[in-house]
Amino acid sequence: MTTDPAATAAVPAGALRALDVLRALHRDGGLDRHFDRVPALLAALDRTDLARAARLLARVDPVRARAHHPGLPAVTVALTGGGTLDALRTALLAELARHGFLPEVRLTGFGSYVHELGDPGSSLHTEPADVTVCVLDHATVFDEVPVPFTAEDVAGVLRRKLTLWRGLAARFAERSSGTLVLNTLPLPGNQQAQLLDLPSRARLGAVWRTANAELLGFGEELGRVVVLDVDPLLGGPVELADARFDAYAGARFSDGFLAAYARELGHLVRAVTGRTKKVLAVDLDETLWGGVLGDDGVEGIEVAHGRRGEAFHRVQGVVKQLQSQGVLLAAVSKNDRETVVAALRDHPDLRVREEDFVRILAGWQPKAESLRALAGGLNLGGDSVVFADDNVRECAAVAAELPETTVIPLDGDPALHVTRLLADGWFTTTEVTSEDRVRTRRYREESARADFLSAAGSAEEFLDGLGVTVRLAPAAPAEIPRLSQLTLRTNQFNLTTRRLSAEEVRAGADGPGTTVLGLTAGDRFGSNGLVGAVFLRAEEKVLHIENMLLSCRVFARGIEQACLAALLDRAARAGFAEVRGAYRPTAKNAKVAGLYAHYGFEELGPEETDFRTDGSGTGGSGAGGPGPVGASGGAAAGTVFVHRLERRPEVPGHLSLEAAEDLLPAPGAPALTT
């Protein structure tokens, strides 16, 4: 088999194992030069080969790789803890690269986590990472337990440790703009087995679980802190630790456990950097139900009863669960549409119904064509879509036609469908909001709007008849999570693409000289909900629009014009001399490149900032946020625009605007320090 990259280019896809290609690229000047090819190659690897590839990725120089590929989304993760974490670093590099990131993973000194988290002069504070992971292990507790010990001795040490960890996490979160990740503590069987009487073992299990429950509460109690529950990682063949490496090398966890931990961290990093997938497009025959609808009829498909029917019933339940939390569910099937709709509407045992699907694309066209139409109809990029199908040929065709779309080949056994659907946490998010729970309904209403537009004689007639209403007001406390989510997920109408945690949005809403505005919209078909945000900062006589973003669901309705008209009018009345805003280009926000110029702003010049973005639109902090959040890449080529408040745009006549009185921070407010 040839391993020369020039020669392999002519070999048909699939003729070479992906690991061999990675090795060839490594020899051909290093993977840093070829990193744009790495994610797709890693996606083709099984767990064993992924571990081998990880050792190659550990040799990549992230600085050189970023220089070769400035458009790739980059992320920095710092690892600290009480034990040896080299294996976690290696595994995490592969997981992050598999998800499309160009990663840099740093390790602190062995056992130094207390100093690193608590000392403002430590590397975790002076060289902040996007995500900092503090790996907690059982040894940090049992090293301080006397010998011999009782369950009560362990409980006392756990109380002291929880106090320490809560204080470290709180102080770190106050000083850092990134996300801090902790984990629950697995209880090794060897520790519990040292207590010979069953009541003592039960008490130890109880105090250990109580401590873990308190640890999990840190995630809700402290801002920018996430606690991973690692108990689910110990299912199957994964062992917690290797006794020899634990004793001789301070490796508290096995390589297999750390690989599973790294997999979970990959999902988490994707969530906190705004790369959560939005759409689950599922095949139907042998995916959502058993049998072939066209051959077996509605009554003949396997939905709920019998051995296979029960497996498919579980798949339907999981899909319904995801949809209920904001995942847009679509059916993509080679079937007659009328038959599909009849099955979804009428079959008595189906857990998912017609109204649960945002789109039903049933027909005989290629599935890649259907998926392209799905993404376009939802005004989303193909990289927002996950496609699941039991047919390996259909999966291969979609992967070849739409490389940006995530493809999940489902095993022929329906009992394994659920595991494969959930394995990569594509829809993991930082928080499920009230808007998420009605997302499908919002998009179905949008379909009714599209039908109304088709029937209208012109765009003006459409807008006049739509009855658009807009409300612009300071963010209410209950709106903070949704506004944070908008910063994480909005890519197209996002002027600076700053990704903000809920804590940073709250800081901008409450901080001196800053304001966060929420934008709510509706029309004759119903409410669109909270669809936009504006981040403002006052500095003497200048009002800065730190960022402005709008959901793709409400494009082309004049909402942005109404918003800017209200802000500029209020700024003039409040005594501001000018309003400034910046535009930072990303791979996805080109449609708003001319927004400021269109509404009377003059180009002032290049932006002087240390905020960073990446090719998919990540990075930067917002009003009240003192640093980068999420994946950060090369320096943004931002442009500053200024409006002198002379000729201001007007609110469009086809919509009704309600603007609160207290929209702006007061002129003369102190400048934010960063």
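Every chain begins its residue count from 1, and numbering advances along the sequence as written. Predicted model: local features are reported for residues with pLDDT of at least 70 only, side-chain atom pairs are reported and counted for 80 or more only, and whole-chain, interface and lining totals are derived from all residues. Note that the side-chain values use all heavy atoms of the structure and ignore hydrogens as well as water.

1. Considerations on the pattern of salt bridges
We count it as follows: Criterion for a salt bridge: a side-chain nitrogen of Lys or Arg within 4 Å of a carboxyl oxygen of Asp or Glu. Exposed residues in this analysis have more than 50% of their type's maximum accessible area, buried residues have under 20%, and partly exposed residues fall in between, with area computed by a 1.4 Å probe over protein chains only.
Using the criterion set out here, one finds 39 salt bridges in the structure. Here E546 makes a salt bridge to R537, at a shortest N to O gap of 3.2 Å. A single burial state applies to E546 and to R537, both of which are buried. Counted as one network, the salt bridges with shared partners bring together R17, D20, R23, D49 and R52.

2. What to know about the layout of surface pockets
Here is the rule we go by: Cavity: a set of points on a 1 Å grid over the protein atoms alone where a 1.4 Å probe fits but cannot get out. Pocket: an open set with protein on both sides within 12 Å along at least five of seven lines, its lining residues, like those of a cavity, having an atom within 4 Å of a point. Grid points are joined across faces, edges and corners, and a volume is the space filled by probe spheres set on the points. In DSSP terms, a helix is any run of H or I states spanning at least four residues, a strand is any run of E spanning at least two, and both are numbered starting from the N terminus. Each residue gets one of three labels, nonpolar for Ala, Val, Leu, Ile, Met, Phe, Trp, Tyr, Cys and Pro, charged for Asp, Glu, Lys and Arg, and polar for the others, Gly among them.
Of the volumes computed, that of the second largest pocket is approximately 1100 Å³. At the level of secondary structure, the elements contributing two or more residues to the lining of the second largest pocket comprise α12 (198-221), β5 (225-228), α14 (255-272), α24 (480-489) and α25 (502-510). Its residues placed into classes, the lining of the second largest pocket shows 16 nonpolar, 14 polar and eight charged.

3. As for α25
Our working definition: Here, the arc refers to the directions that run from the helix axis to the C-beta atoms. The contact rule is simple, with two residues in contact once any of their heavy atoms fall within 4.5 Å.
Turning to α25, its buried residues number three or more, namely E504, V505 and G508. The buried side chains of α25 occupy one side of the element, clustering within an arc of 100° when seen end-on. Taken together, the buried residues of α25 touch α24, β13 (514-523) and β14 (526-539).

4. Structural notes on the sheet that holds strand β8 (residues 357-362)
For clarity, the threshold we go by: DSSP-based pairing: two strands are paired if at least 2 bridges between them are found. Under this scheme, a helix contributes an axis fitted over its contacting stretch, all axes are lines through C-alpha atoms, and angles between N-to-C directions fall in the 0 to 180 degree range.
The strand order across the open sheet built from five strands is β8-β7-β6-β9-β10, with neighbouring strands paired in parallel fashion. The open sheet has two free edges, formed respectively by β8 and β10 (406-409), since each of these has just one partner strand. Strand-to-strand, the axes of this sheet are offset by a mean angle of 20°, without reference to chain direction. Pairing of strand β9 (residues 385-389) with β10 involves four bridges; the strand directions are parallel. Following the sheet pairing, D389 is matched in β10 by P409. Across the face of the sheet, helix α17 (residues 337-346) comes into contact with β7 (328-333) and β8 while running at roughly 140° to β8.

5. Some points on the pairing of strand β6 (residues 279-282)
With burial as the criterion, each face of β6 is covered, one bearing V279 and A281 and the other bearing L280 and V282. Alignment of β6 against β7, held across four bridges, turns out to be parallel. Across the sheet, L280 pairs through a bridge with L329, a residue of β7. Inspection of the sheet shows β6 paired to β9 by four bridges, in the parallel sense. Opposite V279, over in β9, you have V385 as the bridge partner.

6. Some details on the environment of L195
By the element assignment, L195 lies in the loop between α11 (189-193) and α12. By relative accessible area, L195 is classed as buried at 8%. Separated by 44 residues in the primary sequence, L195 and A151 place their C-alpha atoms 8.3 Å from one another. Among all residues touching L195, those that are not within four sequence positions of it are F149, T150, A151, S200, R201 and L204.

7. A closer look at the state of the cysteines
Our working rule: Any two cysteine sulfur atoms within 2.5 Å of one another count as a disulfide.
Under the criterion given, the structure shown has zero disulfides. Not engaged in a disulfide, the cysteine C552 finds its nearest cysteine sulfur in C563; these two sulfurs lie 17 Å apart. In this structure C563 comes out as buried when scored by relative accessible area, which is 1%.

8. Re empty space enclosed by the protein
The final tally for this structure, using the stated rule, is three cavities of 30 Å³ or more. Reported here for the largest cavity is a volume of approximately 40 Å³. Along the lines of polarity and charge, the residues of the lining of the largest cavity split into four nonpolar, four polar and two charged.

9. Re the sheet that holds strand β3 (residues 131-135)
Within the open sheet, the five strands sit side by side as β2-β1-β3-β4-β5. Their pairing is parallel. This sheet does not close on itself; its edge strands, each paired only once, are β2 (102-107) and β5. Between one strand axis and the next, the sheet turns through 20° on average, direction left out of account. Sheet topology places strand β1 (residues 74-81) next to β3; five bridges connect them, and they run parallel. The partner of L79 across the bridge, within β3, is V133. Running over the sheet, helix α10 (residues 151-175) touches β3, β4 (179-183) and β5 and is turned about 165° from β4.

10. What to know about the packing of helix α4 (residues 47-57) against helix α6 (residues 86-98)
Heads up, the condition is: What sets the label is the angle itself: under 35 degrees gives roughly parallel, over 145 gives roughly antiparallel, 65 to 115 gives roughly perpendicular, and the rest give oblique.
Close contact between α4 and α6 brings their axes to 8 Å; oriented N to C, the two are set at 100°. The angle between α4 and α6 places the two elements in the roughly perpendicular class. Contacts between α4 and α6 involve L50, A54, R55 and L57 on the former and, on the latter, T90, A91, L93, A94, E95, A97 and R98. Counted by class, the contact of α4 with α6 contains seven nonpolar, one polar and three charged residues.

11. Looking at the confidence of the model for the chain
So the rule is basically this: On a scale of 0 to 100, pLDDT captures the predictor's confidence in every residue.
For the chain, per-residue confidence averages 86 on the pLDDT scale, and residues scoring 70 or more make up 91% of the total. Segment residues 610-635: pLDDT under 50, and 99 contacts once partners within four positions in sequence are set aside and those in other chains are kept. Here residues 670-674 is modelled with pLDDT under 50, and outside its nearest four sequence neighbours on either side it reaches eight contacts, counting other chains as well.

12. Looking at unusual backbone geometry
With an omega of 0°, the peptide bond between V147 and P148 qualifies as cis. Along the chain, the position of P148 falls in the loop between α9 (139-142) and α10. In the Ramachandran plot, L645 falls in the positive-phi region, its phi being about 70° despite a non-glycine side chain. As for its placement among the helices and strands, L645 is situated in the loop between β18 (639-643) and β19 (655-659).

13. Notes on helix α16 (residues 306-324)
Each α-helix turn comprises 3.6 residues. Residues three or four places apart therefore point the same way. Here is the rule we go by: Expected helix span is taken as 1.5 Å per residue step, with the number of steps being one fewer than the number of residues.
With 19 residues, α16 extends 27 Å between its outermost C-alpha atoms, agreeing within 8% with the 27 Å of an ideal straight helix rising 1.5 Å per residue. Listing the buried residues of α16 in full gives G309, A311, F312, H313, V315, Q316, V318, V319, L322 and Q323. Phi for G326, located one or two positions after α16, is positive at around 110°.

14. Digging into the packing of aromatic side chains
The geometry of an aromatic ring pair comes down to the distance between the two centres and the angle between the two planes. Here is the rule: When the centres of two rings from Phe, Tyr and Trp lie within 6.5 Å, Trp using its six-membered ring, the rings pair. Their planes under 30 degrees apart give stacked, over 60 give edge-to-face, and anything left gives tilted. Distance and angle both matter: a charge sits over a ring if NZ of Lys or CZ of Arg is within 6 Å of the ring centre and within 35 degrees of the ring normal.
What the rule picks out here adds up to seven aromatic pairs. For the ring pair F142 and F149, a centre distance of 6.0 Å and an interplane angle of 65° mean the geometry is edge-to-face. For F142, a relative accessible area of 10% gives the class buried. Considering the side-chain rings of F142 and W208, the 5.4 Å spacing of their centres and the 20° angle between planes classify their relative orientation as stacked. Remark: W208 occurs in helix α12 and F142 occurs in helix α9; sequence separation between them is 66 residues. Across the pair, exposure class does not vary: F142 and W208 are buried alike. These aromatic residues form a ring-pair network of at least three members: F142, F149 and W208. Over the aromatic face of F101 sits the side chain of R275, whose NZ or CZ is 4.9 Å from the ring centroid.

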